Amino acid sequence: MEAISILSILFFIVTIGVEIFLIVKFIGLCNDVNAIKSYISGVSSSSGNPISIREVKEAMLTGREEQIYLAILERLLAVMKEYDLHPNGKQKIEAAERMCAILGRQLPEQLRSIEAYRQYMQN
């Protein structure tokens, strides 16, 4: 009888150890995902806030033009996907065009209007 209770205690301890190990691994994976996101975006303000002209100019000074350009496109693409939910979607397109002009770049034709985006996505 004592052997069974000792085995149950050992099993319980091992189970707790495995659970702790899995929790630590899960937390590590979450941190890895956050690190990958920040590496891909390359922009300090990854919270989804609008990119400011100041950030664009700072990116130019530090040689991060391509990263800020991609961030502008990603945020504009997010607006396009939910365009009907954004009351100021047209202003966001215009703001993205202005920021791209500062960078000496242009928006892709498919992101210059909601109609062009929808037509592109349907084809």
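Here, every reference points to the structure presented above.
Definitions and limits used
Residues numbered from 1 in each chain as written. Predicted model: local features only at pLDDT ≥ 70, side-chain atom pairs only at ≥ 80, totals over all residues. Heavy atoms only, no water. Helix = DSSP H or I, 4+ residues; strand = E, 2+ residues; numbered from the N terminus. Buried < 20%, exposed > 50% of the residue type's maximum accessible area, 1.4 Å probe, protein only. Contact = heavy atoms within 4.5 Å. Areas by Shrake-Rupley, 256 points an atom, 1.4 Å probe, with all protein chains shown as cover. Phe/Tyr/Trp six-rings, centres within 6.5 Å; stacked < 30°, edge-to-face > 60°. Lys NZ or Arg CZ within 6 Å of the ring centre and 35° of its normal. Patch = residues over 30% accessible without salt bridge, like charges linked within 9 Å, V, L, I, M, F, W, Y side chains within 5 Å. Salt bridge = Lys/Arg side-chain N within 4 Å of Asp/Glu carboxyl O.

Here the focus is the overall build of the protein. Looking only at helices and strands, one finds five helices and zero strands in the protein. Beginning at the N terminus, the succession of helices and strands in the protein can be written as α-α-α-α-α. Counting only residues that meet the buried cut, the protein has 23% of its 123 residues in that class. Within the protein, contacts between residues at least 6 apart in sequence are counted, and of these 55% link residues at least 24 apart. Counting every atom, the protein has about 9,300 Å² of accessible surface; 63% of that belongs to carbon and sulfur.

Scanning the model with the defined rule gives zero aromatic pairs in all. When the ring centre of Y69 is taken as reference, the NZ or CZ atom of R105 above it lies at 3.8 Å.

Together, I6, L7, I9, L10, F12, I13, I16, I20 and V24 give the surface a local cluster of nonpolar side chains, amounting to about 900 Å² of exposed area. Relative to the helices and strands, L7 resides in helix α1 (residues 2–41).

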